[in-house]
Amino acid sequence: MIYYIILFIILFYYSLKYEILYKEKRSGKKAILFFIIFIFAFSYQMGTDWINYQNFYEYEIPHIKLEDLYNNSKFVFSSEKAFVLLNMFFYNLGFSYELFTGIVIGFCLFFILKSIEQRSDNFYFSFFLSIVIFLFGYSLEPVFRQLIALTLIVIGFKYIERRNFFKYLFVIILATQFHISAFIALPIYFLEKIDFSKKKFCLLFFGSYIIILLRSKIFLVLIKISSKFLRYESYFLSNRYGLSVESSFLGEIYSVGIFIVYTYIIFYSYEFSKNKKNYLKNMSLIYIVLNYFANIFPILFRVSHYFVIGFIVSMSSLKFIRTPNKKILKLGKRSISYILIIFLYIPFILDAWREIYGTKLNIYRYGNYKNYFVEMVNGRLKNNFYEKSEEYRKNIENFLNEEDKEREEKRNKDIK
């Protein structure tokens, strides 16, 4: 917990200082980058996905040969061949699982945050948003394959700006070799030439809503075209992905209010930034639409992360905030951007708190932070995978079963 508090205090201080003083000198950047990588790349026994990834690294990789990459039924992750090759490379060099993932995640964090820093106005605030919106879960869980794919896509942004489609296409193809969903990022290339006016944005919003409401009928049409679409049934229709998430009336008002705030910042602040890129602005608008409707169609939460960089960059341009008639919003002689920073920090901090401490499961896998190097110095590393994972796995399963039981009891109570 102390690591999170220190990091958030540092980022809040420099975010506010930047908005008040408008200093272009980016002090402390290297130290902050190092601290973020130290915390999030080299966590130890955190999240849940590491159990499957480490099992694959230590017990399957030793038996996989290069020719096996052409046999898709041979092992898990067979469709993401570049990910398998990456595992083979580090394993054959003698790296432990923790050093392998730490190095790879560390490089991913560096390239993502470096790209965000280059395109942002207040990069301190951008770093904070990056952590609480997606890097926290991507690193600590870890959402390993998708993090690598997203990193490649972010690196490929330079080809969007240089208008080199085939190089960007190559990056997308490479990214799909780590996570097949990366193809979703291909249309980002064409966003640079699209002008999302406020009227077009409204059409995007209501059009998306209609499509989401009709998703069941759309899926039935797709399976009539090809039965292969049946493999994606869970994404459209299952209880896990297809049901609405209940929220109170006040919760709905809050969601609408924060959506309006985000939209206003994009159109009346980022629009006037000297660092503005049209494709990033459009990514930001798409992100807030996907994120808003994720409570109805939860799979959109995963899709939205391919557009999240645009949102993060857009939110960093608060000092350009204007009224609808394009006059800068001021309090005295200063822009009110520092007030907006404080206003926006509050909901994101609350979201981060809920993510870490909202359930017993999350407290167990995120709240009790452990760092690989700290555990090494204190002699608490467990070299045997079974010893390291078995008790942890059982505790995770117990917490999951407890949550399922609580949901079932609540459902039965609501029915009565």
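Residues numbered from 1 in each chain as written. Predicted model: local features only at pLDDT ≥ 70, side-chain atom pairs only at ≥ 80, totals over all residues. Heavy atoms only, no water.

Asker: Help me understand the overall build of the protein, please; the structure alone is not making it clear to me.
Answerer: For the protein, the helix and strand inventory stands at 21 helices and two strands. Taking the contacts inside the protein whose residues are at least 6 apart along the sequence as the reference set, 75% of them involve residues at least 24 apart. Summing over all exposed atoms, the protein offers an accessible surface of approximately 21,600 Å²; the carbon and sulfur share of this is 63%. (Helix = DSSP H or I, 4+ residues; strand = E, 2+ residues; numbered from the N terminus. Contact = heavy atoms within 4.5 Å. Areas by Shrake-Rupley, 256 points an atom, 1.4 Å probe, with all protein chains shown as cover.)

Asker: Please explain helix H9 (residues 165-176) as it appears in this structure.
Answerer: One full turn of an α-helix is made of 3.6 residues, so residues set three or four places apart face in the same direction. Between its first and last C-alpha atoms H9 spans 16 Å; for twelve residues at 1.5 Å apiece the expected length is 16 Å, and the two agree. Along H9, the positions that sit buried rather than exposed are Tyr 168, Val 171, Ile 172, Ala 175 and Thr 176. On an axial view of H9, the arc spanned by its buried residues comes to 135 degrees, and they lie on one face. Facing away from the buried surface of H9 by more than 90 degrees, the exposed residues are Phe 166 and Phe 170. Packed against the buried residues of H9 are helix H7 (144-155) and helix H8 (157-161). (Expected span 1.5 Å × (residues − 1). Buried < 20%, exposed > 50% of the residue type's maximum accessible area, 1.4 Å probe, protein only. Arc of directions from axis to C-beta.)

Asker: How should I be thinking about the packing of helix H15 (residues 278-293) against helix H17 (residues 308-315) in this particular structure?
Answerer: Axes are the key here: two packed helices are described by the angle between their axes and the distance separating the axes. Where H15 meets H17, the closest approach of the two axes is 7 Å, and the angle between their N-to-C directions is 105 degrees. The orientation of H15 relative to H17 falls into the category roughly perpendicular. Residue-level contacts link Leu 280, Lys 281, Met 283, Ser 284, Tyr 287 and Ile 288 of H15 to Val 308, Ile 309, Gly 310, Phe 311, Val 313 and Ser 314 of H17. For the contact of H15 with H17, the class distribution of residues is eight nonpolar, three polar and one charged. (Axes fitted to C-alpha atoms, helices over the stretch in contact; angles between N-to-C directions. Parallel < 35°, antiparallel > 145°, perpendicular 65-115°, else oblique. Nonpolar A, V, L, I, M, F, W, Y, C, P; charged D, E, K, R; others polar.)

Asker: Teacher, can you tell me more about the packing of helix H2 (residues 29-41) against helix H5 (residues 97-119) here?
Answerer: Running from N to C, H2 and H5 point in directions that differ by 140 degrees, and their axes come no closer than 9 Å. You can see that H2 and H5 cross each other, and the crossing is right-handed. In this structure, H2 contributes Lys 29, Leu 33, Ile 36, Ile 37, Phe 40 and Ala 41 to the contact, and H5 contributes Thr 101, Gly 102, Ile 105, Gly 106, Leu 109, Phe 110, Leu 113, Lys 114 and Glu 117. When the residues that make up the contact of H2 with H5 are grouped by side-chain class, the tally is nine nonpolar, three polar and three charged. (Left-handed = near helix turned anticlockwise from the far one by under 90°.)

Asker: Is there a simple way to think about the nonpolar core in this case?
Answerer: In a soluble, globular protein the nonpolar side chains are often hidden away together inside. Grouped together as the largest cluster of nonpolar side chains are 126 residues, with contacts concentrated most on Phe 40, Ile 133, Phe 134, Phe 157, Ile 188 and Ile 309. In this structure, Ile 133 is in contact with Tyr 287, His 305, Val 308, Phe 311, Ile 312 and Phe 348, ignoring residues within four places of it in sequence. (Core = buried A, V, L, I, M, F, W, Y, C linked by side-chain atoms within 4.5 Å.)

Asker: Whenever I open this one, unusual backbone geometry confuses me. Can you help?
Answerer: Note on backbone geometry: most residues besides glycine have negative phi, and most peptide bonds are trans. In this structure, Pro 142 follows Glu 141 across a cis peptide bond, with omega equal to -15 degrees. Position of Pro 142 relative to the elements: it lies in the loop between helix H6 (123-140) and H7. Unlike most non-glycine residues, Gln 45 shows phi in positive territory, near 55 degrees. Here Gln 45 shows up in the loop between H2 and helix H3 (50-60). In the Ramachandran plot, Arg 163 falls in the positive-phi region, its phi being about 55 degrees despite a non-glycine side chain.

Asker: Just checking my understanding: could you explain the environment of Ala 352 for this structure?
Answerer: Following the sequence through the fold, Ala 352 ends up in helix H18 (residues 337-357). The class of Ala 352 is buried, set by a relative accessible area of 10%. In this structure, the C-alpha to C-alpha distance between Ala 352 and Ile 131, residues 221 residues apart in sequence, is 9.1 Å. Apart from residues lying up to four places away in sequence, Ala 352 is in contact with Phe 8 and Val 132.

Asker: Looking at this structure, how should I read the side chain of Thr 176?
Answerer: Structurally, Thr 176 can be placed in helix H9. Judged by its relative accessible area of 11%, Thr 176 is buried. A distance of 2.6 Å separates the side chain of Thr 176 from the backbone oxygen of Ile 173, its partner in a polar contact. A polar atom in the side chain of Thr 176 sits 3.5 Å from the side chain of Gln 177. (Polar contact = N/O pair within 3.5 Å; in protein donor to acceptor, adjacent residues only side chain to side chain.)

Asker: Looking at this structure, how should I read the pattern of salt bridges?
Answerer: Oppositely charged side chains can pair when the atoms bearing their charge come close. For the structure shown, the criterion picks out ten salt bridges. As a salt-bridge pair, Lys 360 and Glu 402 come within 3.1 Å of each other at their nearest N and O atoms. Of this pair, Lys 360 sits in helix H19 (residues 360-367) while Glu 402 sits in helix H21 (residues 385-415), and the two are 42 residues apart along the sequence. Residues joined by salt bridges that share partners form a network here, namely Glu 271, Lys 276 and Lys 281. (Salt bridge = Lys/Arg side-chain N within 4 Å of Asp/Glu carboxyl O.)

Asker: I would appreciate a short explanation of the packing of aromatic side chains in the present structure.
Answerer: Any aromatic ring pair is given by two values, namely how distant the centres are and how the planes are angled relative to each other. On inspection of all chains with the given rule, the structure shows 57 aromatic pairs. Taking 5.5 Å as the distance between ring centres and 70 degrees as the angle between the ring planes, the aromatic pair formed by Phe 157 and Tyr 279 counts as edge-to-face. With a gap of 122 residues between them, Phe 157 in helix H8 and Tyr 279 in helix H15 connect regions that are remote in the sequence. Pair check on accessibility: Phe 157 and Tyr 279 agree, each one buried. Members of the aromatic cluster, each reached through a chain of ring pairs, are Tyr 53, Phe 56, Tyr 57, Phe 83, Phe 89, Phe 90, Tyr 91, Phe 95, Tyr 97, Phe 100 and Phe 144. Sitting over the face of the ring of Tyr 189, Arg 163 holds its NZ or CZ atom 4.2 Å from the ring centroid. The ring of Phe 272 carries Arg 322 above its face, with NZ or CZ at 4.4 Å from the centroid. (Phe/Tyr/Trp six-rings, centres within 6.5 Å; stacked < 30°, edge-to-face > 60°. Lys NZ or Arg CZ within 6 Å of the ring centre and 35° of its normal.)

Asker: How should a nonpolar patch on the surface be read in this particular structure?
Answerer: On the surface, a cluster of nonpolar side chains totalling about 550 Å² of accessible area is made up of Met 1, Ile 2, Ile 5, Ile 6, Ile 9 and Trp 353. Among the elements that make up the nonpolar patch, the one with the highest residue count is helix H1 (residues 2-21) (four residues). Tracing the backbone shows Trp 353 in helix H18. By relative accessible area, Trp 353 is classed as partly exposed at 48%. (Patch = residues over 30% accessible without salt bridge, like charges linked within 9 Å, V, L, I, M, F, W, Y side chains within 5 Å.)

Function-wise, these values are silent; they only describe arrangement.
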